[in-house]
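# Structural overview
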Amino acid sequence: MYRGKRSAPSPRARLIPAAVLAVVLLSAAVFAALALRRPPAQTPQPSPSQPAVPSLTPAPASTPTPTPPPAPTPDPAERLLAEMTLHEKVCQLFVVQPADLVPGFGRVTAAGEATRRALERYPVAGLLYDASNLETIDQTRTMLANVQSYSQIPLILTCDEEGGRVNRLMNTVGTTYIGPMLGFKDQGPDKAAENAATIAADMSSCGFNMDLAPVADVWSNPKNTVIGDRAYSDDFQQAAQLVAAAVGGFHQGGVACTLKHFPGHGDTSADSHYGSVYVYKTLDQLREAELVPFRAGIAAGADAVMMGHLIIAEVDDQPALLSPKIVTELLRQELGFDGVVVTDSLKMQAMTDHYSSGDIAVGAVQAGVDLLLSPKNLKEAVAALTQAVEDGTISQERLDESVLRVLRLKLDRGIIPAP
């Protein structure tokens with residue numbers, strides 16, 4: 001069917017789409033221009049009222065500078081030992097009588113040039129005085145002060161000042177007289193400590209710094225005359241209490257002290273001053289009796305233990321001071337004593353009748369002894385010990401062990417001033 005000719009669109013209708021397109025294009029251009037001019041986006045900052053958010057990446061940890069450990073304090077005894085010659089070390093194992101240093105002078109009551117030269121030749125650990133050396137308090141003080149000034153390593157200055165019949169000062173220079181210890185046995189530990197403190201203070205005022213006391217033997221055998229009333233008691237447990245108290249008293253009074261005569265001289269019937277003395281007890285019997293006061297004295301802090309010239313037949317066939325079983329195994333290891341072990345006087349016949357000074361010195365040190373008291377022949381004893389170290393019979397370590405104990409006793413008791 002014929003509809004007739006189609007008519008053309010009007011000019012206005014054609015213009016509308018073109019206008020829209022132009023607007024769209026212009027808007028896009030403006031938006032792009034604005035985008036090019038916009039600054040980069042800023043990370044939002046927290047407001048003052050809000051805590052900052054920690055970074056997720058931890059800062060590298062700083063490595064602390066390590067603090068070096070403090071330098072160890074030098075042992076003054078070790079330092080002294082390191083500076084000593086072999087001869088000086090050997091001489092530090094001897095305590096001798098003044099006449100041993102200056103033979104030919106007879107009764108020594110002063111210390112002068114001869115003593116000074118003698119101490120240069122034999123720089124011993126100390127000197128043992130008896131009544132023959134002492135006249136007045138002033139003379140004693142001057143003599144001891146002089147002799148002390150001559151020694152590079154300060155000296156142990158000692159004597160036997162027990163009280164009663166064994167005293168060196170009370171009956172000569174007139175210090176406080178105190179009777180036999182046995183007479184105080186029922187007055188208790190306080191009296192034992194008081195007596196010891198009085199004896200020590202008197203000794204110290206004269207210039208002495210060590211006492212060869214207290215007696216730790218127990219007077220358990222009425223036939224025993226060498227100990228007798230020198231003992232603190234005739235009962236082992238009571239003696240232990242009194243001896244321990246006396247150790248504290250000696251220290252309070254200002255001197256070192258020595259338990260004697262290990263392992264116990266109270267049940268003997270002979271005197272070692274004049275010959276061999278035997279003890280016929282087993283070790284178990286000694287542990288239950290004679291050793292009880294020694295244990296107590298050691299626990300109380302005794303500085304030294306003196307070996308008696310006793311043969312414990314059930315343990316060894318030689319005197320206790322020459323027996324490793326008694327010095328090292330019994331006293332050192334079992335009783336735990338690490339102080340100075342000193343011999344009784346080596347001039348007693350129990351020793352001199354059977355051994356030379358050199359043999360005694362070497363044998364005692366091998367057994368574990370530290371100090372040799374009054375050898376009959378100092379020159380021979382020093383030479384024998386020196387040779388024994390040089391040929392390896394006694395090791396350098398064994399020698400040093402004893403010298404260190406002697407030096408530490410001197411340091412502990414202020415004989416050598418604290419560094």
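Residues numbered from 1 in each chain as written. Predicted model: local features only at pLDDT ≥ 70, side-chain atom pairs only at ≥ 80, totals over all residues. Heavy atoms only, no water.

## Comments concerning the pattern of salt bridges
Rule in force here: We define a salt bridge as a side-chain nitrogen of Lys or Arg found within 4 Å of a carboxyl oxygen belonging to Asp or Glu. Going along the chain from the N terminus, every DSSP run of H or I of four or more residues is numbered as a helix, and every run of E of two or more is numbered as a strand. Burial classification: accessible surface area is computed with a 1.4 Å probe over protein chains only, and a residue below 20% of its type maximum counts as buried, one above 50% as exposed, and the rest as partly exposed.
Counting across every chain of the model gives 27 salt bridges. We note a salt bridge from E78 to R408, for which the minimum N-O separation is 3.9 Å. In this pair, E78 is assigned in helix 2 (residues 76–82) and R408 in helix 15 (residues 396–412), connecting sequence segments 330 residues apart. Relative accessible area serves as the criterion here: at 33%, R408 is assigned to the partly exposed category. Between E135 and R107 there is a salt bridge, with its nearest N and O atoms 3.3 Å apart. Residue E135 is located in the loop between strand 2 (126–128) and helix 6 (137–149), and its partner R107 is located in the loop between helix 4 (98–101) and helix 5 (113–121); the two are separated by 28 residues in the primary sequence. Looking at E135, the relative accessible area reads 36%, which means it is partly exposed. Accessibility expressed as a relative area gives 51% for R107, which makes it exposed. One continuous salt-bridge network, built from bridges that share partners, spans R332, D338, D370, R398, E401 and R405.

## Considerations on the confidence of the model for the protein
Selection criterion: Per-residue confidence from the predictor is given as pLDDT, running between 0 and 100. Working rule for contacts: check all heavy atoms of both residues, and any pair within 4.5 Å makes them a contact.
For the protein, mean pLDDT is 87; residues scoring 70 or higher make up 84% of the total. Here residues 1–56 scores under 50 on pLDDT; set against residues more than four positions off or in separate chains, the count is 3 contacts.

## Observations regarding the pairing of strand 9 (residues 340–343)
Using the following cut-off: Strands are treated as partners if at least two bridges between them are detected by DSSP.
Neither face of strand 9 is left uncovered, since the one carrying V340 and V342 and the one carrying V341 and T343 both have all their residues buried. In this structure, strand 7 (residues 304–307) lies alongside strand 9, joined through 4 bridges in parallel fashion. For A304, the partnering residue across the bridge sits in strand 9 and is V340.

## Looking at helix 5
This is how the line gets drawn: The directions from the helix axis to the C-beta atoms are what the arc is built from.
Those residues of helix 5 not exposed but buried are A114, T115, A118 and L119. Angularly, the buried residues of helix 5 cover 130° about the axis, an arc narrow enough to put them on a single face. Here the buried face of helix 5 lies against helix 4 and helix 6.

## A look at the sheet that holds strand 5 (residues 258–262)
Note the cut-off: Each axis is a line fitted through C-alpha atoms, and for a helix only the stretch in contact is used; angles between axes span 0 to 180 degrees, taken between their N-to-C directions.
In space, the 3 strands of this open sheet follow the order 5-7-9, with parallel pairing throughout. Only two strands of the sheet have a single partner each, and these edge strands are strand 5 and strand 9. Ignoring strand direction, the axes of neighbouring strands in this sheet form an average angle of 25°. Sheet topology places strand 5 next to strand 7; 3 bridges connect them, and they run parallel. Across the sheet, L259 pairs through a bridge with V305, a residue of strand 7. In the packing of helix 11 (residues 324–334) onto the sheet, the strands contacted are strand 5, strand 7 and strand 9, and the crossing angle to strand 7 comes to about 150°.

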